[in-house]
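What follows is each chain in one-letter form.
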Amino acid sequence: MHPSTLVLRRRTRTLSGPAVVRWALIGAALLFLAVFLLVPLVAVFTFAFQKGWAAYVAAISDPEALAAMRLTLTAAVIAVPLNLVFGLAAAWLIARFRFPGRSLLVTLIDLPFSVSPVIAGLIFVLLFGRQGWLGPWLAERNLQVIFAVPGIVLATVFVTFPFVAREVLPVMQAQGSDEEEAALTLGASGWRTFWRVTLPKVKWGVLYGVILCNARAMGEFGAVSVVSGHVRGITTTLPLHAEILYNEYDFVGAFAVASLLTLLALVTLVVKKYVEWRSVAS
Amino acid sequence: MSIIVEQVTRRFTSGGSPAVSEVSFQAPRGAITSLLGPSGAGKSTLLRLIAGLEVPDAGRILIDGVDCTSMPVQKRGVGVVFQSYALFRHMTVRENIAFGLDVRGSPRAETDARVDEMLRLVQLEALGGRYPGQLSGGQRQRVAFARALAIRPRVLLLDEPFGALDTRVREELREWLHSLHERTGLTTLLVTHDQQEALEISQHVVVMSEGRVAQAGSPEVIYNRPTSPFVASFIGGASVVRGRVESGRVAMGSLSVDVAASAREGETVQAFVRPHDIKLAKSPGGLVNGHPPTGRVERLKPVGGYVKVLLRLPTGDEVTVEVPRSEFDTLGVAEGDAVRADVRSATVFVGDYAI
């Protein structure tokens with residue numbers, strides 16, 4: 001055998017360790033994945049289709065289920081664009097400027113990640129609830145935030161606001177501002193520079209953030225649960241609706257609704273993978 | 001004069017030393033002016049101030065006789081080429097060059113014609129459809145030049161344009177820039193830390209040190225008549241030798257050199273000796289031509305066409321001498337040999353003043 005081949009083979013073996021260790025590790029990882037991810041996934045669909053296709057379709061076309069779907073979509077349609085604009089602006093500010101309060105802003109962006117969603121919901125109840133700070137003012141004007149759709153939207157916006165900023169910020173920091181400066185010297189206005197140079201540079205980071213933001217907006221339970229009041233067909237989102245059905249022992253209905261959220265998660269994973277692949281390719 | 005900088009100061013941290021401090025200089029119209037200095041000398045900051053990417057804390061900047069001190073960057077009509085190229089990575093070469101024309105609202109046909117003209121100018125006609133990621137470093141930098149020139153700037157500002165390229169491409173592009181300048185005749189400001197580059201292609205050199213102008217003048221003046229110890233040691237790789245004036249000559253240990261008559265007897269001086277301003281002779285025995293040997297060869301470093309000889313003087317000072325290869329072969333010295341060295345010329349300073 002050629003000496004260099006020998007060295008190469010030895011090196012490979014040292015790095016990967018004996019076969020027993022390798023297979024034991026791979027086995028452990030697979031077992032973990034099966035128990036914690038695959039079994040629940042299969043269980044959701046098994047329970048959902050327990051009484052057949054007709055029962056499944058009936059469960060998800062129930063008027064209350066449809067209302068829950070509409071509310072979930074409404075919350076996401078409002079929360080995602082808001083956080084897209086906020087996330088871009090915040091990432092741009094933090095990446096490009098040094099100003100007093102900059103590190104405070106970075107910490108604030110992470111707040112929804114570090115605060116329990118239930119506490120987040122409670123904050124809104126304390127602010128906008130009947131006994132809350134703004135409660136009397138809202139009551140005078142006949143406006144209801146808590147136990148109504150505005151509260152659900154507010155809670156959703158709050159828990160999802162870090163996603164876009166967190167994804168875009170590292171991309172902006174890594175790319176620097178040379179191209180923006182070049183655009184300015186070529187005569188482009190700040191606004192034009194943003195649309196033609198900055199945004200195309202960070203578009204994959206933005207898309208990635210939007211996907212994660214959307215998934216969380218549709219799947220949020222804790223914060224929304226606190227402000228919802230569980231008024232069936234009016235203030236229940238899909239996750240809340242699933243819980244209500246489950247508590248009423250309607251397992252087929254609960255898991256049918258859960259299966260919709262599971263499908264959303266699977267679609268999100270596929271799109272996320274695609275975006276990752278495209279961003280690496282470009 | 002096309003670019004006039006008057007008493008410009010820029011401070012990044014309040015209380016700290018300014019990056020650019022009361023700098024004044026003028027860049028002649030139609031010439032290449034180099035801002036030369038070690039890193040941290042403030043030359044890039046100065047270029048950014050002229051471009052309008054930074055705002056001065058004090059002073060005035062005039063381009064073509066117009067005060068631009070508070071004019072926004074977009075209105076200044078400057079073409080800037082960055083060391084990092086700063087090409088728009090999501091646009092093709094054509095789109096990159098057309099960008100400045102598009103934002104000015106130039107008609108499609110005119111833009112196309114101008115882009116074609118620029119592609120011919122930088123000899124990249126075939127690569128208009130490529131993305132920056134598909135080009136070599138030298139090609140990218142030429143696209144950056146084409147993009148900066150497309151808008152017909154009043155002045156061209158180059159920030160270490162060849163800094164990220166390897167030596168061979170660097171020299172090629174330096175030659176290319178020289179001929180480009182001859183064709184366009186555009187007033188050009190070149191920031192560089194490479195004295196070779198500055199001396200070779202510019203008509204005017206501004207040497208900077210620690211945020212201030214150390215000396216400004218033609219390459220010949222900068223090279224032959226440095227006015228401060230900093231410029232003398234920064235340009236030309238001179239060695240510093242301490243000495244004393246004795247009967248009209250500077251004695252530097254065992255080396256000596258003529259000085260002007262104004263030098264006072266017995267004064268201590270610093271002499272800056274260029275590597276090619278020393279002539280070596282071999283010392284066969286204890287004496288060379290009846291004189292004691294002036295140094296010992298510490299190390300020999302063959303560098304292509306010449307050999308670098310590191311000479312240790314009896315005083316402990318080290319002097320670098322460059323000997324052409326052919327001369328070195330006939331000289332026949334080895335490490336450890338005692339040699340005699342004659343100084344052809346040196347720049348001598350008493351304190352900070354040249355004499």
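Worth saying up front: this structure is predicted, and the values here are computed from it rather than measured.

**Some points on the overall build of chain A**
In terms of regular secondary structure, chain A is built from 15 helices and zero strands. The C-alpha radius of gyration of chain A comes to 24 Å, more than 25% above the 19 Å expected for a compact globule of 282 residues. Projected onto the principal axes, the alpha-carbon positions of chain A cover approximately 85 × 60 × 30 Å. Here chain A, with 282 residues, has 37% of them falling under the buried criterion. A sequence separation of at least 24 residues applies to 71% of the contacts in chain A between residues at least 6 apart. When the accessible surface of chain A is summed, it comes to about 16,100 Å², and 72% of that surface belongs to carbon and sulfur atoms. Taking the average place of the 22 positive charges on the side chains of chain A and the average place of its 14 negative ones, the gap between the two points comes to 13 Å.

**Topic: the sheet that holds strand S7 (residues 155-159) of chain B**
Residues and elements named next belong to chain B. Taken in spatial order, the six strands make up an open sheet running S6-S7-S8-S3-S9-S10, and their pairing is mixed. A single partner strand is all that each edge strand has here, and the edge strands are strand S6 (78-81) and strand S10 (212-217). Averaged over all neighbouring strand pairs, the angle between strand axes comes to 15 degrees, with direction disregarded. Inspection of the sheet shows S6 paired to S7 by four bridges, in the parallel sense. Its bridge partner being in S7, Val 78 is matched across the sheet by Val 155.

**Here we look at the pairing of strand S17 (residues 306-312) of chain B**
Residues and elements named next belong to chain B. Sheet topology places strand S16 (residues 295-303) next to S17; seven bridges connect them, and they run antiparallel. Its bridge partner being in S17, Arg 299 is matched across the sheet by Leu 310. Hairpin connection, S16 to S17: the antiparallel pair is bridged by two residues, and Gly 304 has positive phi, about 60 degrees. Note that S17 and strand S18 (residues 318-324) share seven bridges and pair antiparallel. Within the sheet, the bridge partner assigned to Val 309 lies in S18 and is Val 321. Following S17, the chain reverses through five residues before pairing antiparallel with S18; Gly 316 in that reversal takes a positive phi of roughly 100 degrees.

**Structural notes on the UniProt feature "domain: ABC transmembrane type-1" (unreviewed entry) in chain A**
The UniProt entry lists residues 69-272 of chain A under the feature "domain: ABC transmembrane type-1" (unreviewed entry), expressed in the numbering used here. The distance separating the terminal C-alpha atoms of residues 69-272 of chain A is 22 Å; by composition the span is 79% helix and 0% strand.

**Topic: the domain arrangement of chain B**
All names here are of chain B. Looking at chain B, the domain boundaries give domain 1 (3-233) and domain 2 (238-350). Of note, the centres of domain 1 and domain 2, computed from C-alpha atoms alone, are 40 Å apart. Contacts between the two partners involve seven residues from domain 1, matched on the other side by seven residues from domain 2. Surface buried jointly by domain 1 and domain 2 totals about 630 Å² across both partners, of which 57% is contributed by carbon and sulfur atoms. At the surface where domain 1 touches domain 2, the tally comes to zero salt bridges. Connecting domain 1 to domain 2 are two residue pairs in polar contact (both at pLDDT 80 or more). For the side of domain 1 that touches domain 2, the element with the most residues is helix H8 (residues 229-234), which contributes three residues. Of the residues contributing to the side of domain 1 that touches domain 2, the split by class is four nonpolar, three polar and no charged.

**A look at the UniProt feature "transmembrane region" (unreviewed entry) in chain A**
Residues and elements named next belong to chain A. In the numbering used here, UniProt assigns the feature "transmembrane region" (unreviewed entry) to residues 20-49, 69-93, 105-128, 143-165, 206-231 and 251-271. Secondary structure content for residues 69-93 is 100% helix and 0% strand, while the C-alpha to C-alpha distance between its ends is 36 Å. Taken end to end, residues 251-271 is 100% helix and 0% strand, and its two terminal C-alpha atoms sit 30 Å from one another.

**Some details on helix H2 (residues 93-103) of chain B**
Of all eleven residues making up H2(B), eight are buried, and the element is well covered by its neighbours. Residues of H2(B) that are buried: B:Val93, B:Asn96, B:Ile97, B:Ala98, B:Phe99, B:Gly100, B:Leu101 and B:Val103. Where H2(B) is buried, its residues touch helix H11 (178-185) and helix H12 (190-219) of chain A together with helix H3 (108-121) and helix H4 (137-150) of chain B.

**Concerning the packing of helix H4 (residues 63-96) of chain A against H12(A)**
Residue and element names in this part refer to chain A. One way to put it is that H4 packs onto H12 with a least axis distance of 9 Å and a crossing angle of 135 degrees. Overall, the two elements H4 and H12 adopt an arrangement that is oblique. The handedness of the crossing between H4 and H12 comes out as right-handed. Listed contacts from H12 to Thr 72, Leu 73, Ala 76, Val 80, Asn 83, Leu 84, Leu 88 and Arg 96 of H4 are Phe 194, Leu 199, Lys 201, Val 202, Val 206, Val 210, Cys 213, Asn 214, Ala 217 and Met 218. Partitioning the contact of H4 with H12 into residue classes produces 13 nonpolar, three polar and two charged.

**Regarding the interface of chain B and chain A**
On the chain A side, the residues contacting the 22 residues of chain B number 18 residues. Interface of chain B and chain A: buried area, both sides summed, is about 1,800 Å²; carbon and sulfur atoms make up 59% of it. The closest approach of N and O atoms between B:Arg48 and A:Glu181, which form a salt bridge, is 2.7 Å. Put simply, the parts of the chain that give the side of chain B that touches chain A at least two residues each are S6, H2 and H4 of chain B. Considering each element in turn, the side of chain B that touches chain A owes the most residues, four residues, to H2(B). Its residues assigned to classes, the side of chain B that touches chain A comprises 13 nonpolar, four polar and five charged.

**Looking at the packing of aromatic side chains**
Applying the stated criterion across every chain, the model contains 23 aromatic pairs over all chains. Consider the rings of A:Trp53 and A:Tyr56, whose centres lie 5.9 Å apart with planes at 25 degrees: the pair is stacked. Of this pair, A:Trp53 and A:Tyr56 are both found in helix H3 (residues 52-60), three residues apart, which corresponds to roughly one turn of the helix. When its relative accessible area of 60% is taken as the criterion, A:Trp53 is described as exposed. A:Tyr56 gets classed as buried once you look at its relative accessible area, which sits at 6%. Here the aromatic rings of A:Phe124 and A:Phe158 are separated by 5.8 Å at their centres, their planes lie at 80 degrees, and the arrangement is edge-to-face. With A:Phe124 in helix H7 (residues 117-128) and A:Phe158 in helix H9 (residues 149-160), this pair connects stretches of sequence that are 34 residues apart. For the pair shown, A:Phe124 and A:Phe158 are each scored as buried. Site record: aromatic cluster; members linked through ring pairs are A:Phe47, A:Tyr246, A:Tyr249, A:Phe251 and A:Phe255. A cation over an aromatic ring shows up here: B:Arg147 above the ring of B:Phe88, its NZ or CZ 4.6 Å from the ring centre. Its guanidinium or amino end placed over the ring of B:Tyr223, B:Arg274 lies 4.0 Å from that ring's centre, counting from NZ or CZ.

What counts and how
Residues numbered from 1 in each chain as written. Chains lettered and ligands numbered in written order. Predicted model: local features only at pLDDT ≥ 70, side-chain atom pairs only at ≥ 80, totals over all residues. Heavy atoms only, no water. Helix = DSSP H or I, 4+ residues; strand = E, 2+ residues; numbered from the N terminus. Rg over C-alpha atoms; globule rule 2.2 N^0.38 Å. Buried < 20%, exposed > 50% of the residue type's maximum accessible area, 1.4 Å probe, protein only. Contact = heavy atoms within 4.5 Å. Areas by Shrake-Rupley, 256 points an atom, 1.4 Å probe, with all protein chains shown as cover. Lys, Arg positive; Asp, Glu negative; His and termini not counted. Charge placed at Lys NZ, Arg CZ, Asp CG, Glu CD. Pairing = 2+ DSSP bridges. Axes fitted to C-alpha atoms, helices over the stretch in contact; angles between N-to-C directions. UniProt positions renumbered as here; feature names shortened; annotations may be inferred. Domains from an automatic or database assignment. Buried area = accessible area lost by both parts, 1.4 Å probe. Salt bridge = Lys/Arg side-chain N within 4 Å of Asp/Glu carboxyl O. Polar contact = N/O pair within 3.5 Å; in protein donor to acceptor, adjacent residues only side chain to side chain. Nonpolar A, V, L, I, M, F, W, Y, C, P; charged D, E, K, R; others polar. Parallel < 35°, antiparallel > 145°, perpendicular 65-115°, else oblique. Left-handed = near helix turned anticlockwise from the far one by under 90°. Phe/Tyr/Trp six-rings, centres within 6.5 Å; stacked < 30°, edge-to-face > 60°. Lys NZ or Arg CZ within 6 Å of the ring centre and 35° of its normal.

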